[in-house]
Amino acid sequence: MTAADFNDRMLSLGLARVSEAAALACADLIGRGDEKAADQAAVNAMREQLNMLSIKGVVVIGEGERDEAPMLYIGEEVGTGDGPGVDIALDPLEGTTLTAKAMPNALTVIAMAPRGTLLHAPDVYMDKLAIGPGYPADVVSLAMSPRERVEALAAAKGCKPSDITVCILERPRHQEMIADVRSTGAAIHLITDGDVAGVMHCAEPEQTGIDMYMGSGGAPEGVLAASALKCMGGQIWGRLLFRNDDEKARAAKAGITDLDRVYSRDEMVTADVIIAATGVTDGSVVSGIKRRPGYVETETVLMRSKTGSLRRMIYRNPTR
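Right, let's walk through the structure included here.

Thresholds, definitions, all that
Residues numbered from 1 in each chain as written. Predicted model: local features only at pLDDT ≥ 70, side-chain atom pairs only at ≥ 80, totals over all residues. Heavy atoms only, no water. Helix = DSSP H or I, 4+ residues; strand = E, 2+ residues; numbered from the N terminus. Expected span 1.5 Å × (residues − 1). Buried < 20%, exposed > 50% of the residue type's maximum accessible area, 1.4 Å probe, protein only. Contact = heavy atoms within 4.5 Å. Core = buried A, V, L, I, M, F, W, Y, C linked by side-chain atoms within 4.5 Å. Pairing = 2+ DSSP bridges. Axes fitted to C-alpha atoms, helices over the stretch in contact; angles between N-to-C directions. Left-handed = near helix turned anticlockwise from the far one by under 90°. Nonpolar A, V, L, I, M, F, W, Y, C, P; charged D, E, K, R; others polar. Salt bridge = Lys/Arg side-chain N within 4 Å of Asp/Glu carboxyl O. Polar contact = N/O pair within 3.5 Å; in protein donor to acceptor, adjacent residues only side chain to side chain. Phe/Tyr/Trp six-rings, centres within 6.5 Å; stacked < 30°, edge-to-face > 60°. Lys NZ or Arg CZ within 6 Å of the ring centre and 35° of its normal.

**What to know about helix α8 (residues 219–232)**
- With 14 residues, α8 ought to run about 20 Å at 1.5 Å a step, and its terminal C-alpha atoms sit 20 Å apart, in line with that.
- Extensive coverage of α8 is indicated by the burial of 13 of its 14 residues.
- Positive backbone phi, at 95°, marks G233, one or two positions downstream of α8.

**Topic: helix α1 (residues 8–25)**
- Helix length check: α1, at 18 residues, gives a terminal C-alpha distance of 25 Å against a target of 26 Å (1.5 Å per residue), a fit within 8%.
- Along α1, the residues classified as buried are D8, L11, S12, G14, L15, A16, V18, S19, E20, A21, A22 and A23.
- Buried residues in α1 make contact with α2 (35–50), β3 (85–94), β4 (107–114), β11 (274–279), β13 (295–304) and β14 (309–318).

**Observations concerning unusual backbone geometry**
- For L72, which is not glycine, the phi dihedral falls at a positive 55°.
- Relative to the helices and strands, L72 is located in the loop between β1 (56–61) and β2 (77–78).
- Positive phi values are uncommon outside glycine, yet N105 reaches one of about 75°.
- On the secondary structure map, N105 appears in the loop between α3 (96–100) and β4.
- On the basis of relative accessible area, N105 is assigned to the buried category, the value being 14%.

**Observations regarding the environment of S54**
- Tracing the backbone through its elements, the reader meets S54 in the loop between α2 and β1.
- For S54 and T80, which are 26 residues apart along the polypeptide, the C-alpha to C-alpha distance reads 5.2 Å.
- Aside from chain neighbours lying at most four places away, what touches S54 is T80, D82, G83 and P84.

**A short note on the nonpolar core**
- Ranked by size, the top nonpolar core spans 48 residues in total, and within it Y213, I236, M268 and M303 carry the most contacts.
- Considering each element in turn, this core owes the most residues, 9 residues, to α8.
- Filtering out sequence-adjacent residues up to four positions away, M303 remains in contact with M200, A228, C231, M232, V273, I274, I275, S309 and L310.
- Grouped together as the second largest cluster of nonpolar side chains are 38 residues, A38, L50, L53 and L302 included.

**Considering the sheet that holds strand β7 (residues 187–191)**
- Ordered by their spatial adjacency, 6 strands build an open sheet running β7-β6-β8-β5-β9-β10, and the pairing between neighbours is mixed. The sheet is open, and its two borders are formed by β7 and β10 (262–264), each paired with just one other strand. Between one strand and the next, the sheet's axes are offset by a mean angle of 20°, whatever the strand orientation.
- Across 7 bridges, strand β5 (residues 125–131) lies against strand β9 (residues 235–241) in antiparallel orientation. Bridge pairing links M126 to L240 in β9.

**Remarks on the packing of helix α4 (residues 146–157) against helix α5 (residues 175–182)**
- For the pair α4 and α5, interaxial distance at closest approach is 8 Å and the crossing angle is 40°. The handedness of the crossing between α4 and α5 comes out as right-handed. Contacts between α4 and α5 pair P146, R147, R149 and V150 from the former with M177, D180 and V181 from the latter.
- For the contact of α4 with α5, a count of residues per class yields 4 nonpolar, no polar and 3 charged.

**Considerations on the pattern of salt bridges**
- In total, this model carries 20 salt bridges according to the counting rule given.
- Here E247 makes a salt bridge to R243, at a shortest N to O gap of 2.6 Å.
- Owing to a relative accessible area of 58%, R243 belongs among the exposed residues under this scheme.
- E299 is the salt-bridge partner of R312, the closest N and O atoms lying 3.6 Å from each other. Taken together, the residues span a long stretch of sequence, with R312 in strand β14 and E299 in strand β13 at a distance of 13 residues.
- Residue class for E299 comes out buried when judged on its relative accessible area of 11%.

**Comments concerning the side chain of D195**
- Tracing the sequence through the fold places D195 in helix α6 (residues 195–201).
- Within polar-contact distance, the side chain of D195 engages the side chain of K128 at 2.6 Å.
- The contact partners of D195, leaving out residues within four places of it in the chain, are E94, K128, Y213, G217, G218 and E221.

**Focus on the packing of aromatic side chains**
- Counting across every chain of the model gives 0 aromatic pairs.
- A cation over an aromatic ring shows up here: R173 above the ring of Y125, its NZ or CZ 4.5 Å from the ring centre.

**Details of the pairing of strand β6 (residues 165–169)**
- The buried fraction of β6 is high, at 5 of 5 residues.
- Pairing of β6 with β7, which is carried by 5 bridges, proceeds in the parallel orientation. From the neighbouring strand, V166 faces β7, where its bridge partner is I188.
- The pairing of β6 with strand β8 (residues 212–218) spans 2 bridges and is classified as parallel. By the bridge assignment, V166 is partnered in β8 with M212.

Printed below as a string of structure tokens:
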């Protein structure tokens, strides 16, 4: 199968059903304090729905290596086995802690692209930098200091650095970065988890008020974020970070030989991609699950990079 066989228009609605099912499966676990149970419920539902799709899918971004994850592991084949060969990148529940604590911006997310076109990112950290659409190429870079990034983006936007808002994951490792950004007068939107949503925020600055995302987080989430920005517009760069030889061995297993390479958005996602994300708890990307008399309601955003289209869908599932 070639990329030409990837009928993203027909597959996209099926992909939306996959993310919806994962979100609905963990609805009863919101705020219940059990991260593992919520994640497992989402995994089970996502896998079941994926296996109904007419695809020859391979999970390239998943729950971990085969010996760590019994389902949706990296390399697992999904789908009916009929149809196009596709790469699957997924996070059945992005924000397990957010779900367990009923905090904002937990969502389910899944991306699909022609076979061999999504970066096989190992489960290590990635240094990430992202901005929204409408800017010249490479206006900011990972080679810049956090302060320089803010100043460069402000100049490109035609505003003062104090008018820029940066989204950063709240972690001790980011303390120096946070101080450097704040030295410019820029505002910082700190998030506790969920950096796929964090990157997506800067694609819609008019709605979210966020201009840029920076900091280190999971490399698999970087590929999902790049998939989203390929559909929504915007730029993202990622560089893998390695803490030990075991993590370098994971990269080698994934076929990565240049450990210092900086990946652009279109190097992480080299062909057209479709992505679906369904809200679990309320967020600025999608609304969370709502319980109504007689039904449960979800909101899903479904995007296609080929057309640049973005569709928001409300799904009502009867409860009786």
